Amino acid sequence: ITMDIDASAGGVGIDGTESSNYTVTGSAQNLTLSVVGGGAQQLIMSSAGTGADAVDINATIGGVTIDAKTTLSLDAEDNTNLTMTANNASAKTLTIAATNAGDGKGNITLTTDGVIDTDADGAIHIDAGGSLSLGGGDASDFTTTSGALTLEGAGGVTVTSILGTLALNGTGQA
């Protein structure tokens, strides 16, 4: 049985005062919610719930894809996580990438008025096709807890101390 509701001259409202659902139970079938008239339209999902999961998008077996032709904005006013928790014997990767198929560049900007804390159980690799700059506004250090620290420059290495002492210390020199 197929049911078709067509409100060509107005809207349709379905309201319930208790928990409700609209479910497609057939295998390999889709449920589509769309706004197709063009112009400044919106598809709005909203919840007045107060729990941490007031809006829950859950794909129990497959993945979730969000495509946007222009801006994608994820905004929160409290602690926020972008987390991948894999349960698989093989390595898994969380990739954040910005590319631009046009003439411009795809850029990634990390901005905070607090701290950026990066931890890894393995190595951290930072590769730049252009220059790489690390600058701190206060006293800073670049330290290894074991192994050597190598500083190498194909065109040379410049070490400069402005208004301070430059100390190069080491043990085991011949």
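The structure contained in this document is the topic of the report that follows. Think of each chain on its own: its residues are numbered from 1, step by step along the sequence as written. Residues qualify for local features only when their pLDDT is at least 70, as the model is predicted, and side-chain atom pairs are given and counted only at 80 or more; totals for whole chains, interfaces and linings, by contrast, use all residues. Heavy atoms throughout the structure, all of them, feed into the side-chain values; hydrogens and water do not.

### Describing the overall build of the chain
- In terms of regular secondary structure, the chain is built from zero helices and zero strands.
- Radius of gyration here is computed from C-alpha atoms only, and the compact-globule reference equals 2.2 Å multiplied by the residue count raised to the power 0.38. For the chain, whose C-alpha radius of gyration is 27 Å, the value lies well above the compact-globule estimate of 16 Å for 174 residues.
- Judged by the C-alpha coordinates and their principal axes, the chain covers about 90 × 40 × 30 Å.
- Three labels apply to residues, based on accessible area from a 1.4 Å probe with only protein chains included: buried if under 20% of the type maximum, exposed if over 50%, partly exposed otherwise in between. Across the 174 residues that make up the chain, the buried fraction comes to 0%.
- Working rule for contacts: check all heavy atoms of both residues, and any pair within 4.5 Å makes them a contact. Contacts spanning at least 24 positions in sequence make up 0% of the contacts within the chain whose residues lie at least 6 apart.
- Accessible area of the chain: about 18100 Å², with a carbon and sulfur share of 48%. Starting at the N terminus, helices and strands are each numbered in turn, a helix being any DSSP run of H or I of at least four residues and a strand any DSSP run of E of at least two. Throughout, the Shrake-Rupley method with a 1.4 Å probe supplies accessible areas, and for residues the shown protein chains are the sole cover considered.

### Some words on unusual backbone geometry
- A positive phi angle, near 60°, is found at Ala28, a position not held by glycine.
- One non-glycine residue with positive phi stands out, namely Leu163, at about 60°.
- Leu163 sits in the exposed class, given a relative accessible area of 88%.

### Remarks on a nonpolar patch on the surface
- Residues enter patches when they are more than 30% accessible in relative terms and free of salt bridges; like-charged ones are connected within 9 Å and nonpolar ones (Val, Leu, Ile, Met, Phe, Trp, Tyr) within 5 Å. Whenever Lys or Arg places a side-chain nitrogen within 4 Å of a carboxyl oxygen from Asp or Glu, that contact is recorded as a salt bridge. Together, Met45, Val55, Ile57, Val64, Ile66, Leu72 and Leu74 line one region of the surface with nonpolar side chains, adding up to about 790 Å² of accessible area.
- Residue Leu72 is classed as exposed on the basis of its relative accessible area, which comes to 52%.

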